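An overview of the molecular structure
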Amino acid sequence: MTSAVSATSSPAPQSGGPRAPLLRVHGLKCSYGQAQVLHGIDIEVFAGEIVSIIGANGAGKSTTLMCVSRINRSSGSIEFNGASIASLPPEQVVRQGLVQVPEGRRIFPRLTVRENLEMGAFIRSDKDGIESDLQRIFEMFPILKDRALQQGGTLSGGEQQMLAIGRALMSRPKMLMMDEPSMGIAPILVAKIFDTVKNVLNAQGMTILLVEQNANAALRMSNRAYVLETGNVVLTGSGQDLLRDPRVREAYLG
Amino acid sequence: MQQTVAAAEFLAACALSRVDAVGGFARDGLLSSQEVFTQQLVTGLSNGMIIALIAIGYTMVYGIIELINFAHGDLCMLGAYFALTVVGALGVDQWAGTGGIMGLVLVLVGTAAFCGSLNWSINRLAYRPLRKASKLSLLVSAIGASFILVNLGLFWGGLPMDVFADGTSSAAPKAFPALVSAAPAAQIGDVIYSRTDLLVLCVTLPLMVALTYLVRFTKLGKAMRAVAQNPTGASLMGIDVERVIGASFFIGGSLGGFATVVYSLYNQTVSFQMGYRMGMDAFIAAVLGGIGNLPGAVLGGILIGVIRSMSDGYLEARWTNTVVFGILILILVFRPSGLLGAKLREKV
Ligand SMILES: Nc1ncnc2c1ncn2[C@@H]1O[C@H](COP(=O)(O)OP(=O)(O)OP(=O)(O)O)[C@@H](O)[C@H]1O
Ligand SMILES: [Mg+2]
């Protein structure tokens, strides 16, 4: 595709007046050993938005999220909620209200479903609040309630994805970063998960940064999106615009 | 030269402690074969519970950072020197009645705190900087830590205190005062359940119950399991992984501290090289049970204790190490994940 950064439409927050983004990543670079995989990425996410990052395998989408979560070392600035988080340890990032549902789910396979959810609430100590949030997650994903005492590793892939989402929500985040929630899951379940993300979580005010291979579905539900290619943002715009963009259609929508 | 002397002294000490271990034979004429068996079983179970407590320290650390902590046995050795120092400082004659029990509790808790803190510090200084290095670097660091601890023990034994024979020979094994009399607590038939057996049970069993509770039901325990199963996932949930690892070192170390006090009371001698023996038995126990698996460490410890004692009683003490290592080899060949290690590599 084209090498130049193009179509930089300015983000359009719903309410009028300029607002500071909730998450602002600027000039993010990251290397694994000798190989540099991110070459200076700029991403902004405003409160209440769903923003997606799409791109081919190996483009650096997961790496970006891992840098923002401070699991990977990186250079460049990362600001969340007005403060720099670029030098915080990962557990402090969670305490700031920014939590990730990682690729491949990374649930705790030999903790029970309930214990997995409790670990999501690790940073909290309000017992009653945790218990009522647990019930809310069980309402959102009733299957988890039936499986509450079962080991996480015995769940099906789709159930594990719901568990991973539920677990992340247990920390009561301001913003959720989701890495390929649709990976390896049957279409009908993908639709249900995306529906929950859009019509339950986002509708209740949760800000979401979504990484997806499934570009079509991701762009449809997103306010804005970034297209990542070999460690560079090559395109950005509203979800609708990108859906119509010929370059995106050719490369990602078949 | 110094070393040869030390080695000779160590062997002598081992031989002495073996005499203790096979004490049952002195009464051979009087005991029925059933009773010989029971007596050996009691001895084996007591030793096994001690080994189990030390094995937990190996298995916890392995479960969480996949390190065979070679310094663990030597940590316990230093704990024994610490305990002996405290006993010496308190005065050895003060150990009757309630005062004695208070003193004993003090020594137990003090040594546990000492070993826990020391283990925490070793992790902080020698292992944590290597978290991203290869497992081999970590292992070499553990062996280095082990050497340092052994030499600290050698130095400690030369301190001018009564309990260290005024430091005349720093390498010599030191007598550990018999604070708990070896008098029978109970006798059923001709089988004697000594007070030290009872002490072992009173110390080890509650600790195992407490640890089980901690690991299964507390927030820290769940976090420990979470970190063992998936450290990155745990970080992403806001768990301070290094803190949890540090806590595991502290807990494993302090269990070793409790164990070493009981071990010293049971065997009544300590030496700067005892860590090797304690560590080896416990390590084999951990592997036998399935390294990384807590119930496995307890099961393995008890089995190793009983097997040692049966071998001492029915074969000969000099065959015991052969038997134990033979069993280790068989396990590694036919069931490498240990008795309780599941198909999934089970951790903590
Ligand atoms: N731990 C690692 N060590 C070395 N290279 C890595 C590592 N993780 C990722 N990479 C490399 O970095 C590049 C970006 O990987 P990343 O996982 O961020 O891609 P992605 O966009 O998430 O891809 P996918 O859609 O397949 O998940 C790839 O070329 C990958 O091979
Ligand atoms: Mg990825």
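Let us look at the structure shown here. Along every chain, residues carry numbers that run from 1 in the direction the sequence is written. In the order they appear in the text, chains get letters beginning with A and ligands get numbers beginning with 1. Per-residue local features are limited, in this predicted model, to residues with pLDDT of at least 70; the limit for side-chain atom pairs, both in listing and counting, is 80 or more; totals at the level of whole chains, interfaces and linings are taken over all residues. Just so you know, side-chain values use all the structure's heavy atoms and leave hydrogens and water out.

What counts as a helix is a DSSP run of H or I of at least four residues, what counts as a strand is a run of E of at least two, and both are numbered from the N terminus. A tally of helices and strands in chain A yields 10 helices and 10 strands. The C-alpha atoms of chain A give 18 Å as radius of gyration, which agrees with the globular expectation for 254 residues (18 Å, within 12%). Across its three principal axes, chain A shows a C-alpha extent of roughly 50 × 45 × 40 Å. Accessible area is worked out with a 1.4 Å probe on protein chains only. A residue is then buried under 20% of its type maximum, exposed over 50%, and partly exposed in between. Across the 254 residues that make up chain A, the buried fraction comes to 53%. Summarising the internal contacts of chain A: among those between residues at least 6 apart in sequence, 69% fall at separations of at least 24. Neither His nor the chain ends contribute to the count of charged residues, in which Lys and Arg are positive and Asp and Glu negative. Taken as the charge centre is NZ of Lys, CZ of Arg, CG of Asp or CD of Glu, depending on the residue. For chain A, the distance from the average position of its 26 positive side-chain charges to the average position of its 23 negative side-chain charges is 2 Å. Atoms counted for the radius of gyration: C-alpha only. Globule rule: 2.2 Å times the number of residues to the power 0.38. It only takes one pair of heavy atoms within 4.5 Å for two residues to be counted as in contact.

Helices and strands together make up the secondary structure of chain B, namely 12 helices and four strands. The contacts in chain B between residues at least 6 apart in sequence include a share of 75% that link residues at least 24 apart. Surface accessibility in these figures is a Shrake-Rupley result with a 1.4 Å probe; residues are shielded only by whichever protein chains are displayed. Accessible surface, chain B: about 15,100 Å² in total, of which carbon and sulfur atoms supply 69%.

Another point: the coordination of the magnesium ion (ligand 2). At this site the magnesium ion (ligand 2) is bound by A:S62 (OG), A:E103 (OE) and A:E103 (OE), with donor distances of 1.9 to 2.7 Å. Here A:E103 lies in the loop between β6 (98–101) and α3 (113–120) and A:S62 lies in helix α1 (residues 61–68), a separation of 41 residues in the sequence. Distances define the donors: N, O and S atoms within 2.8 Å of the metal qualify, as do those within 3.2 Å of Na, K or Ca. Water is excluded, so some sites may look unfinished.

Let us look at the packing of helix α6 (residues 195–217) of chain B against helix α9 (residues 241–267) of chain B. Helix-helix packing is described using two parameters, namely the angle between the two axes and the distance between the axes. All names here are of chain B. Two numbers describe how α6 lies on α9: the axes approach to 9 Å, and their chain directions differ by 170°. By the angle class used here, α6 and α9 are roughly antiparallel. Touching T196, D197, L199, V200, V203, L207, L211 and L214 of α6 are I251, L255, F258, V262, L265 and Y266, all from α9. Residue classes in the contact of α6 with α9 are distributed as 12 nonpolar, one polar and one charged. Note on geometry: axes are lines fitted to C-alpha atoms, helical ones only across the stretch in contact, with angles between N-to-C directions running from 0 to 180 degrees. Each angle receives one of four descriptions, namely roughly parallel if under 35 degrees, roughly antiparallel if over 145, roughly perpendicular if within 65 to 115, and oblique otherwise. Residue polarity is assigned by list, with Asp, Glu, Lys and Arg as charged and Ala, Val, Leu, Ile, Met, Phe, Trp, Tyr, Cys and Pro as nonpolar; anything else, Gly included, falls into the polar class.

Below, the discussion takes up the interface of chain B and chain A. Counting from both sides, the interface comprises 21 residues of chain B and, opposite them, 25 residues of chain A. Buried surface at the junction of chain B and chain A, both sides included, amounts to about 2,100 Å², of which 61% is carbon and sulfur. Here the quantity called buried area is the accessible surface, traced with a 1.4 Å probe, that two parts lose on coming together, added over both. By the criterion of area lost to chain A, the three top residues of chain B are B:Q229, B:L236 and B:M237, representing 35% of everything that side buries. Basic side-chain nitrogens of Lys or Arg form a salt bridge, by our definition, when they fall within 4 Å of a carboxyl oxygen of Asp or Glu. Our enumeration of links across chain B and chain A arrives at two salt bridges. Salt-bridge contacts for B:K222 lead to A:E118; the nearest nitrogen and oxygen are separated by 2.5 Å. Under this definition, polar contacts are N or O atom pairs within 3.5 Å; protein pairs additionally need one hydrogen-donor-capable and one acceptor-capable atom, and for neighbouring residues in sequence, both atoms have to be side-chain atoms. Inspection of the region where chain B meets chain A yields seven residue pairs in polar contact (both at pLDDT 80 or more).

Residue and element names in this part refer to chain B. Contact geometry for helix α2 (residues 33–65) and α9: axes closest at 9 Å, N-to-C directions at 165°. Relative to α9, the element α2 lies roughly antiparallel. For the element pair α2 and α9, the recorded crossing hand is left-handed. Of the residues in α9, those in contact with T43, S46, N47, I50, L53, I54, I56, G57, M60, V61, I64 and I65 of α2 are V244, I245, S248, F249, I251, G252, L255, F258, A259, V262, Y263 and Y266. Within the contact of α2 with α9, the residues separate by chemical class into 18 nonpolar, six polar and no charged. Each crossing gets its handedness from the near helix: less than a right angle anticlockwise from the far helix is left-handed, clockwise is right-handed.

Glancing now at the nonpolar core. For this analysis, a nonpolar core means a set of buried residues of the types Ala, Val, Leu, Ile, Met, Phe, Trp, Tyr and Cys, connected via side-chain atoms within 4.5 Å. With 146 residues, the main nonpolar core has A:L144, A:L176, A:I208, B:I56, B:Y127 and B:I239 as its most contacted residues. Looking at this core element by element, the count peaks at 14 residues for α2(B). In contact with B:I56, other than residues within four places in its own chain, are B:M208, B:L211, B:L255, B:L294, B:A297 and B:V298.

Residue and element names in this part refer to chain A. Evaluated as defined, the whole model comprises 19 salt bridges over all chains. The salt bridge partner of R114 is E131, with a shortest N-O separation of 3.0 Å. Here E131 lies in helix α4 (residues 127–140) and R114 lies in helix α3, a separation of 17 residues in the sequence. Via salt bridges that share partners, R124, D126, D133, R136 and R172 belong to a single interconnected network.

This is a description of form; function is not addressed.
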